[in-house]
Amino acid sequence: MGKLNIGDKVILSPQGLQQLIKTLWEEGYTVIGPRLGDGAIVYGEVRSIEDLPEGWGDEQEAGRYRLRRRGDKALFGYNLGPDSWKRFLHPPRILLWKAEKTPKGFRITHNGHEAPRYAFLGVRACELHAIRIQDKVFLQGRYKDPIYMSRRANTLIITVNCTEAGRTCFCASMGTGPKAHEGFDISLTEVTGDEHYFLAEVGSERGSEILERIEYRAAARDEVSEAEERVSRAAESMGRSLQTEGLKELLYQNYEHPRWDEVAERCLTCGNCTLVCPTCFCTTVEEVTSLDGGSSERWRVWDSCFSLQFSYIHGGSVRASPKSRYRQWLTHKLATWQDQFGEIGCVGCGRCITWCPVGIDITEEVKAIRENAVKKV
Amino acid sequence: MAMLQESEPLEGTLLPEPFIVSKVRRETRDTFTLEMEPLNGGEKHFTPGQFNMIYVYGVGEVPISISGDPVEPSILKHTVRAVGTVTRAITSVKRGGMLGVRGPFGSGWPLKEAEGYDVVVVAGGLGLAPLRPAILHLLRNRERYGRVAILYGARTPMDMLYKKELERWRARFDIDLDVTVDHATGGWKGNVGVVTTLIPGLKIDVPNTVALVCGPEIMMRFTVRELNKLGIPDERIYISMERNMKCAVGFCGHCQFGPQFICRDGPVFRYDVIRPFFQVREV
Ligand SMILES: Cc1cc2nc3c(=O)[nH]c(=O)nc-3n(C[C@H](O)[C@H](O)[C@H](O)COP(=O)(O)OP(=O)(O)OC[C@H]3O[C@@H](n4cnc5c(N)ncnc54)[C@H](O)[C@@H]3O)c2cc1C
Ligand code: SF4
Ligand code: SF4
């Protein structure tokens, strides 16, 4: 076959996918994809299709997640687990720099970072949007985060479109899924049934170079339409929805809505929602000093706006009440984020709903505020 | 084999530069002014109102306003009150000691925009520190401004910063300096009361006045109210905000105040820009 161009669609067999993974490793990528672990689908190193969660799906509801057997051989038959790709692009803990004590003071001894070369396999459309949103945070402001920048530049992205939506998903109403339209190197749609195949779309030069090195065949028209049909079925089976029209104004005008008090009664301020959210980016720094004081390290670690420490200034926390902390989180995601970065900071992945220990549902909270707003928008 | 590449350098965003403390002056019981010079030479140009992140080896890093003279960029000046772990460590550094500095960050006072206007400076407590570079600029370029009035409130006479300098400013005929204390002690014969009580007595051309305000949030709240009463609109009042800050470059999220990142969009804001959020508790 000839050269593949951006936008070309071809068919891969599961064996083709196996070759794809192998080729990526040979090309120097660390392939990260879905794996079974800890009672959930998590992201980790994938060296062969054997590592993928064949035949596993999940059941999700507010505050509930359970793996289930699907009864087929789908490799990407799950919805989202607690992990997101920010774990790799914006790690939970990373050493910024290291210094050692000198007679005069200190000297920076370590300021280099190894930037791994990742290939992400199985990025969902909403997650791709989440990566784009974090790109804006870390790369498109006045300052660029050197750590994120290097990791991001090295990363190859292979999306897998969703053919089923989860009960807590609402990407369709956020305009972020279930199909990935751009920003990937290769996009796959998995079709199971009599024949198990992947419809692959070329998204970049890098993507075409990789695909050209493995076995694929031309896509028949009905294979393309079957795959597309399955993705649109996912769009119709969203478990939830969020009305985004006028959302910023709604929340700006309802800082004093009684619903904040009500949700604060339930919220444990555990911060789970911020950890699982693929766009939440807040961090703190830790100074780790050796026992003899001879060297000291600065670590950057994920933080959550749900902690009291987060807003502490001399004299007390600015957001002392749980109400103000939940309000900060939701208002940031859906309203202030728009002023900061030009779009909503939520992609509708539903993780915060599933992984909230008490099942607080961002879509329900917005609905409640909308129904009883100070000013209807 | 998976490959690893070197990442982008941290210089300019996340890495502190070494500075040597060249002078320490005690201002009050718990507040010190430090002068520092870059270990490797060079200058730190800044705009009055901006701040630096000051790092103490093995302890941590905190935001501190620059309180030096903007035309003297080879000497970095910071006035620090010891209130906790890091600020205590900063104020314990002796002459010859080393601190790390990242910055300058943030927005400055609107000194260009205020040209041709009367300028009122209202400072509460440590709030005089970030205003000092602005005052030095006003005094040095006195002819560019209309009347200049400085109101400064401290808790007690013992808590006043830059006492010698205040004396010098008071002696000048081309500015009005008024100082007050919440509680008089010792032989204090001046004003007693909060700084806002001085506002009604301002001799300024109200329709042509810009106000620069810095102090505790409660003080700024009442100051804005009094300035409004006098007839100065929110659009000509500037305040400097303080929030927890870890990175100062817009990544850590701690300093958010509604849609604003205080480190990047502030700390100095035109009051009308942040008014809707300033009026809500616990934003
Ligand atoms: C823009 C800006 C300018 C400032 N300018 C000055 C100045 O010129 N002089 C001065 O003395 N102080 C200034 N501060 C306040 C100073 O940053 C805090 O006093 C300092 O962070 C307290 O740290 P600590 O470790 O000593 O106190 P702790 O109480 O031990 O604080 C623990 C942690 O909480 C955070 N924190 C506590 N208080 C504050 C605070 N007020 N602001 C931000 N983070 C805080 C810090 O991250 C600190 O590490 C400024 C703050 C900001 C945001
Ligand atoms: S706020 Fe919730 S639904 Fe939205 S992106 Fe974050 S985790 Fe997903
Ligand atoms: S909303 Fe749920 S997950 Fe988030 S802090 Fe509250 S209890 Fe935890």
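Undergrad: Would you mind showing me how to read the interface of chain B and chain A here?
TA: With 50 residues of chain B in contact, the opposing surface of chain A contributes 67 residues. Where chain B abuts chain A, roughly 4,900 Å² becomes buried across the two surfaces, and 58% of that area is made up of carbon and sulfur atoms. The largest per-residue losses of area from chain B upon contact with chain A belong to Tyr57, Phe251 and Glu282 of chain B, which jointly make up 17% of the total buried on that side. Across the chain B-chain A interface, the total number found is one salt bridge. With a shortest N-O distance of 3.7 Å, Arg298 of chain A and Glu61 of chain B are connected by a salt bridge.

Undergrad: What am I meant to see in the domain arrangement of chain B here?
TA: All names here are of chain B. You can read the domains of chain B as domain 1 (17–105) and domain 2 (118–278). A straight line from the C-alpha centre of domain 1 to that of domain 2 covers 21 Å. The interface is formed by 24 residues belonging to domain 1 together with 23 residues belonging to domain 2. Both sides of the domain 1 and domain 2 interface together cover about 1,900 Å² of buried area, and 58% of this is carbon and sulfur. The largest contributions to the domain 1 side of the interface with domain 2 come from Glu27, Phe51 and Arg81, which together make up 23% of the buried area. Across the pair Arg140 and Asp69 runs a salt bridge whose closest N-O atoms are separated by 2.8 Å. At the junction of domain 1 with domain 2, the criterion picks out five residue pairs in polar contact (both at pLDDT 80 or more). Residue assignment for the side of domain 1 that touches domain 2 shows that the elements contributing at least two residues are strand 3 (31–38), strand 4 (51–56), strand 5 (60–65), strand 6 (76–81) and strand 7 (98–105). Of the residues that constitute the side of domain 1 that touches domain 2, the class distribution is nine nonpolar, eight polar and seven charged.

Undergrad: Please clarify how the sheet that holds strand 6 of chain B should be interpreted in this entry.
TA: Remark on secondary structure: sheet strands pair via backbone hydrogen bonds, oriented parallel or antiparallel. Residue and element names in this part refer to chain B. Sheet architecture is open: six strands sit in the order 5-4-7-2-3-6, paired in antiparallel fashion. The open sheet terminates on both sides in strands that have one partner only, identified here as strand 5 and strand 6. Within the sheet, the average angular offset between the axes of one strand and its neighbour, ignoring direction, is 40 degrees. Direction of pairing for strand 4 relative to strand 7: antiparallel, over a ladder of four bridges. Within strand 7, the residue paired with Phe51 across the bridge is Phe105. Most of the contacts of helix 1 (residues 85–92) go to strand 5, to which it runs at about 75 degrees, and overall it touches strand 3, strand 4, strand 5, strand 6 and strand 7.

Undergrad: Would you take a moment to explain the site of ligand 2 for this structure?
TA: Inspection of the region around ligand 2 gives 13 residues, with Cys277, Cys346, Cys349, Gly350 and Cys352 of chain A positioned closest. Considering only residue class, the shell around ligand 2 consists of nine nonpolar, two polar and two charged.

Undergrad: Would you take a moment to explain the site of ligand 1 for this structure?
TA: Looking at ligand 1, there are 22 residues lining it, with Pro63, Arg81, Thr87, Glu242 and Lys246 of chain B nearest. This site is not confined to one chain, since residues near ligand 1 come from chains A and B. The backbone of Gly84 of chain B places a nitrogen or oxygen atom 3.3 Å from an oxygen atom of ligand 1. The fraction of the free accessible surface of ligand 1 (830 Å²) that becomes covered by protein chains is 90%. By residue number, the principal contributor to the shell around ligand 1 is strand 5 of chain B, which donates four residues. Class assignment for the residues of the shell around ligand 1 results in eleven nonpolar, seven polar and four charged.

Undergrad: What exactly am I supposed to notice about the nonpolar core here?
TA: One broad trend across soluble globular proteins is that nonpolar side chains are buried collectively. In this structure, Phe120, Trp329 and Leu334 of chain A together with Ile239 of chain B are the most contacted members of the largest nonpolar core, which totals 118 residues. Looking at which element gives the most residues to this core, the answer is helix 3 (residues 125–139) of chain A, with nine residues. With residues near it in sequence (within four places) discarded, Leu334 of chain A still touches Leu242, Leu247, Leu251, Ile344, Cys346, Ile362 and Val366 of chain A.

Thresholds, definitions, all that
- Residues numbered from 1 in each chain as written.
- Chains lettered and ligands numbered in written order.
- Predicted model: local features only at pLDDT ≥ 70, side-chain atom pairs only at ≥ 80, totals over all residues.
- Heavy atoms only, no water.
- Contact = heavy atoms within 4.5 Å.
- Buried area = accessible area lost by both parts, 1.4 Å probe.
- Salt bridge = Lys/Arg side-chain N within 4 Å of Asp/Glu carboxyl O.
- Domains from an automatic or database assignment.
- Polar contact = N/O pair within 3.5 Å; in protein donor to acceptor, adjacent residues only side chain to side chain.
- Helix = DSSP H or I, 4+ residues; strand = E, 2+ residues; numbered from the N terminus.
- Nonpolar A, V, L, I, M, F, W, Y, C, P; charged D, E, K, R; others polar.
- Pairing = 2+ DSSP bridges.
- Axes fitted to C-alpha atoms, helices over the stretch in contact; angles between N-to-C directions.
- Near = heavy atom within 4 Å.
- Areas by Shrake-Rupley, 256 points an atom, 1.4 Å probe, with all protein chains shown as cover.
- Core = buried A, V, L, I, M, F, W, Y, C linked by side-chain atoms within 4.5 Å.
- Buried < 20%, exposed > 50% of the residue type's maximum accessible area, 1.4 Å probe, protein only.

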